[in-house]
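# Structural characterization, general
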Amino acid sequence: MTVTSPRGFRAAGVAAGLKSTGARDVALVVNDGPLDVAAAVLTANRVFAAPVAWTRQAVSDGRASAVVLNSGGANACTGPEGFADTHRTAEHVADLLATSAGDVLVCSTGLIGVRLPMTELLAGVDAAATALDDPASATTGGEDAALAIMTTDTVAKTVEVVRTAADSAAPDGAASWSVGGMAKGAGMLAPGLATMLCVLTTDAVVDAATADAALRAATRATLDRVDSDGCMSTNDTVILLASGASGVPVDAAALTDALTEACGSLARQLVADAEGASHEVAVTVVGATSEDAAVAVARAVTRSNLVKTAIFGNDANWGRIVSAVGTVPEDVAPFDALALDVRVNGVQVCRAGGVGEPRELVDLAAAREVQVEIDLHAGDAAATVWTNDLTHDYVHENSAYSS
């Protein structure tokens, strides 16, 4: 269940000393082919890190043979020197792997506004490259890489999705292909592109245009709808590498479906590990005039600190929910306020814009997961955005992040 689950990939994660804890902090993911197809979706933040600038340029030709990632430093807002550090890192990886620097994608995560310690980082890259050839890395490399990209995460996030396709050349008339992945993120989780660093791999035979379209469709419906705290990172990056090692050609629909399943799993893992959270909250809006309208309403609710603190207090305060719904402009999401229905964990607490069942019937203390459904009664579209509650622990953890 890692980036090395699909055929044609190796990975490693090592400790280079970037983290004061001594934990793993440098990862390498290598595509051994035969294809070197790549696609990426990157942060929409106008203040973006040097690795984002590099990766955006490097992946523009639809090719990449490796990804190098570090935690312990974001390399964001570090000026021309920071970009030079990213370039130097890519060149170093390229020399070790006998490839081109333009085919090495770079990701960083950690504190903004601090240069990376290049001596330690490059030594870590050396160690990771050596570990790639260790026989043990065939079984542990993917897991080690997932650990190396963690920051405030408490657990690694990984996934594997296996598909079977008809193939007359296979002995049983079928052949398998798969998608693997890893992600990090526990705070600064907000759409555009949500959350994180994420590397996805597949051994399907696809071209660059198909990979790019499928990745964008999958992230739009999953990772882009994770909204932990409304704070968009400077470093958000989701990368897809395709090796073609399964020999199975896959069309856009099949790849999108598998990537959506993988990204959906990773998205829910990110919310489950959100900083200090005691509840995972799915806000589903139905009866909207369009999917975009449904997303806009759901996002208004998930970004309401009043809603999030009420859920932390195990209080199904539906008034805060409908109040947040009402902040969405009519031209974005048309609806009649006197038609709104709200259910919290199946209990209809608001009916036709007024009082429904007693809120005391909703037991939020009994389970970690909370389901909020808002029916606008304005159309047939629906969407879900995932978030978490706002707790004392979140405030404490983020007040001390740089110290």
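The numbering scheme is per chain: residues are counted from 1 as the chain's sequence reads. Reporting of local features is limited, given that this is a predicted model, to residues whose pLDDT is at least 70; pairs of side-chain atoms are given and counted only at 80 or more, and all residues count toward the totals for whole chains, interfaces and linings. Each side-chain value is worked out from all heavy atoms of the structure, with water and hydrogens disregarded.

The next point concerns the overall build of the protein. Helix and strand assignments follow DSSP, with helices taken as H or I runs no shorter than four residues and strands as E runs no shorter than two, numbered in order from the N terminus. Scanning the protein from N- to C-terminus turns up ten helices and 15 strands. In this description the radius of gyration comes from C-alpha coordinates, and the expected globular size is given by 2.2 Å times residues to the power 0.38. Taken against the 2.2 N^0.38 rule, which gives 22 Å for 403 residues, the C-alpha radius of gyration of the protein at 22 Å falls within 12% of a compact globule. Seen along its three principal axes, the alpha-carbon backbone of the protein occupies a region of about 65 × 60 × 40 Å. Using a 1.4 Å probe on the protein chains alone, a residue whose accessible area is under 20% of its type maximum counts as buried, one over 50% counts as exposed, and one in between counts as partly exposed. Classification of the 403 residues of the protein by burial places 55% in the buried group. Contacts were defined at the residue level, with two residues in contact if any of their heavy atoms lie within 4.5 Å. Pairs at least 24 residues apart make up 79% of the contacts formed inside the protein by residues separated by at least 6 positions.

Moving on, we get to empty space enclosed by the protein. Here a cavity denotes a set of grid points, spaced 1 Å apart and computed over the protein atoms alone, in which a 1.4 Å probe fits but from which it cannot get out, and a pocket denotes an open set meeting protein on both sides within 12 Å along at least five of seven lines; residues with an atom within 4 Å of a point are reported as lining. Grid points are joined across faces, edges and corners, and a volume is the space filled by probe spheres set on the points. In this structure the tally under the stated criterion is three cavities of 30 Å³ or more. Of the volumes computed, that of the largest cavity is approximately 70 Å³. As for the largest cavity, its lining consists of Val 307, Ala 310, Ile 311, Asp 315, Ala 316, Asn 317, Trp 318, Ile 321, Val 344, Leu 364, Val 370 and Val 372. Listing elements by their share of the lining of the largest cavity, those giving two or more residues are α8 (305-312), α9 (318-325) and β14 (369-375). With three residues, α8 is the largest single contributor of residues to the lining of the largest cavity. Residue polarity follows a fixed list, in which Ala, Val, Leu, Ile, Met, Phe, Trp, Tyr, Cys and Pro are nonpolar, Asp, Glu, Lys and Arg are charged, and the others, Gly among them, are polar. Class assignment for the residues of the lining of the largest cavity results in ten nonpolar, one polar and one charged. If you add up the space inside the second largest cavity, you get close to 50 Å³. Residue lining of the second largest cavity: Val 68, Leu 69, Asn 70, Asn 75, Asp 85, Thr 86, Thr 89, Val 106, Cys 107, Ser 108, Leu 116 and Leu 121, and that is the complete set.

The salt bridge definition used is simple: a Lys or Arg side-chain nitrogen within 4 Å of an Asp or Glu carboxyl oxygen. Taken as a whole and assessed by the stated rule, the structure comprises 19 salt bridges. Measuring nitrogen to oxygen at the nearest pair gives 3.9 Å for the salt bridge that ties Arg 343 to Glu 373. Of this pair, Arg 343 sits in strand β11 (residues 341-344) while Glu 373 sits in strand β14, placing them 30 residues apart in sequence. Residue Arg 343 is classed as partly exposed on the basis of its relative accessible area, which comes to 28%. Exposure remark for Glu 373: the relative accessible area of 31% places this residue in the partly exposed category. For the salt bridge of Glu 357 with Arg 351, the shortest nitrogen-to-oxygen distance reads 3.7 Å. Judged by its relative accessible area of 36%, Glu 357 is partly exposed. A single salt-bridge network, built from bridges that share partners, covers Arg 220, Arg 225, Glu 291 and Asp 292.

This paragraph deals with the pairing of strand β5 (residues 104-108). Consecutive side chains along a regular strand alternate between the two faces of the sheet. Most of β5 sits inside the fold, with five of its five residues counted as buried. Two strands pair under a simple rule: DSSP has to find at least two bridges between them. Here five bridges tie strand β4 (residues 66-70) to β5, and the two strands are oriented parallel to one another. Within β5, the position partnered with Leu 69 by the bridge is Cys 107. A crossover links β4 with its parallel partner β5, the connecting element being helix α2 (residues 79-97), and its sense is right-handed. With the strands pointing away from the viewer, any crossover whose connection runs clockwise from the first strand over the helix to the second is right-handed.

Turning to the sheet that holds β11, a few remarks are in order. Spatial strand order, β13-β12-β11-β14-β10-β15: six strands in an open sheet with mixed pairing. With one partner strand each, in any of the chains shown, β13 (354-355) and β15 (381-388) form the two edges of the open sheet. To obtain each axis, a line is fitted to C-alpha atoms, and for helices this fit is confined to the stretch in contact; angles are then taken between N-to-C directions over 0 to 180 degrees. Strands in contact with helix α7 (residues 291-302) are β10 (280-288), β14 and β15; relative to β15, the strand with the most contacts, it is inclined by about 25 degrees.

Since the α-helix packs 3.6 residues into each turn, any two residues three or four apart lie on the same face. What α9 keeps buried is the set Trp 318, Ile 321, Ala 324 and Val 325. Down the axis, α9 shows its buried residues gathered within 120 degrees of arc, on one side only. For α9, the secondary structure elements touched by its buried residues are α7, α8, β11, β12 (347-351), β13 and β14. The arc in question is the one spanned by the directions pointing from the helix axis to the C-beta atoms.

Values of pLDDT, ranging from 0 to 100, describe the predictor's confidence in every residue of the model. Averaged over the protein, the pLDDT score is 92; the fraction of residues at 70 or greater is 94%. With pLDDT under 50 throughout, residues 188-195 is counted as low confidence; its partners more than four residues away or in other chains account for 51 contacts.

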